[in-house]
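Take a look at the letters that make up each chain.
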Amino acid sequence: GPPRAEKTMTEGRMPPVPETTSKTVSRKRQQTRQRLLDAALTAFADDGFGRTTVERVCEEAGFTRGAFYSNFTSLDELFLVAWEQKSTELVQGLRAAFDAEPPDAGIPVAEALAQVLDHVPADSEWHRVSLEFTAHALRNPELRQVVAAREAAIIGAILPIVTQLLERAGRTVTDPEALGHALVAIHDGTLAQCLLEPDDEAPWVRRRELFLHVLLSYTTEESPT
């Protein structure tokens, strides 16, 4: 039979992949995952989350089922990855905007709110997909816990930015957790109303007014020193 010296020397393991090859494979895998994510969001938006199949996503992306399952275990996992990606982009966008142009001290709360809302996308496709997934998660106790944890993480990432901005406006947050949940509830609920009547300015005005009311309700004016 063939000599066994090589296997003994490497203890049955494959030699390490050269660094450049490893980076190429990693980059290619990353591109594959992103194509699947983009294709899935298109399919979810067009067909609805509950009606979309793995085969539909693969057809949209131009990949096989094998490519899908080598990257994701299910459509649920794929959506959660997409959600995390969207959330990261939002938080990074807000942070970059405020780092680039820090608001002046004493900025009115309404103006501070406008600065935040200017960097919160009103994405109709993503909103309806996320609403469908939330309904789907409510039917699955384990998935419901995962979604609740992800939402808490998003609130935890955004709240320091909002708190910092409110401090520039001379306001102190009295109940951060309650404020975070209230802001998410307002965003989700009012955005649905705005998107139902996209050409009507009134829902957008009411949305800003409700945000402002809640910000003032969960903060107190700092005493001058």
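Residues numbered from 1 in each chain as written. Predicted model: local features only at pLDDT ≥ 70, side-chain atom pairs only at ≥ 80, totals over all residues. Heavy atoms only, no water.

**Re the side chain of arginine 207**
So, step 1. Here arginine 207 lies in helix H10 (residues 201–217).
So, step 2. An unpaired buried charge is present at arginine 207: no salt bridge exists, and aspartate 188, the closest side chain of opposite charge, is 7.4 Å distant. (Helix = DSSP H or I, 4+ residues; strand = E, 2+ residues; numbered from the N terminus. Buried < 20%, exposed > 50% of the residue type's maximum accessible area, 1.4 Å probe, protein only. Lys, Arg positive; Asp, Glu negative; His and termini not counted. Salt bridge = Lys/Arg side-chain N within 4 Å of Asp/Glu carboxyl O.)

**Let's talk about helix H8 (residues 141–168)**
Residues spaced three or four apart along an α-helix point in a common direction, a consequence of the helix completing one turn every 3.6 residues.
So, step 1. In a regular helix each residue adds 1.5 Å, so 28 residues correspond to 40 Å; H8 covers 41 Å between its end C-alpha atoms and thus fits that length.
So, step 2. Along its length, H8 shows its largest kink, about 30°, at isoleucine 158, and proline proline 160 lies within four residues downstream of that point.
So, step 3. Those residues of H8 that fall on the buried side of the exposure criterion are Leu143, Val147, Ile154, Ile155, Ile158, Leu159, Ile161, Val162, Leu165 and Leu166.
So, step 4. The distance from a side-chain oxygen at the start of H8 to the backbone nitrogen of glutamate 142 is 3.1 Å, and the residue carrying that oxygen is asparagine 140.
So, step 5. Looking one or two residues beyond H8, the residue adopting positive phi is glycine 170, at roughly 80°. (Expected span 1.5 Å × (residues − 1). Bend = angle between axes of the 7 residues up to and from the residue. Polar contact = N/O pair within 3.5 Å; in protein donor to acceptor, adjacent residues only side chain to side chain.)

**Describing the nonpolar core**
So, step 1. Core analysis: the biggest nonpolar cluster contains 53 residues, and Phe44, Phe68, Phe79, Leu179 and Leu215 have the highest contact counts within it.
So, step 2. Where this core is concerned, the elements lending two or more residues are helix H2 (19–47), helix H3 (54–61), helix H5 (75–100), helix H6 (109–117), helix H7 (124–138), H8, helix H9 (176–196) and H10.
So, step 3. For this core, the element with the most residues is H5, which contributes ten residues.
So, step 4. Apart from residues no more than four positions distant in its own chain, leucine 179 is found in contact with Leu159, Leu166, Val173, Val214, Leu215 and Tyr218. (Core = buried A, V, L, I, M, F, W, Y, C linked by side-chain atoms within 4.5 Å. Contact = heavy atoms within 4.5 Å.)

**Comments concerning H10**
So, step 1. Taking 1.5 Å as the rise per residue, H10 with 17 residues should run 24 Å; its terminal C-alpha atoms sit 25 Å apart, in good agreement.
So, step 2. Looking at H10, one finds that the buried residues are Pro203, Arg207, Phe211, Val214 and Leu215. Taken end-on, H10 shows its buried residues confined to a sector of 115°, consistent with a single buried face.
So, step 3. Its buried side turned inward, H10 meets H6, H8, H9 and strand E2 (219–221).
So, step 4. Sitting at the head of H10, aspartate 200 places a side-chain oxygen 3.0 Å from the backbone nitrogen of alanine 202. (Arc of directions from axis to C-beta.)

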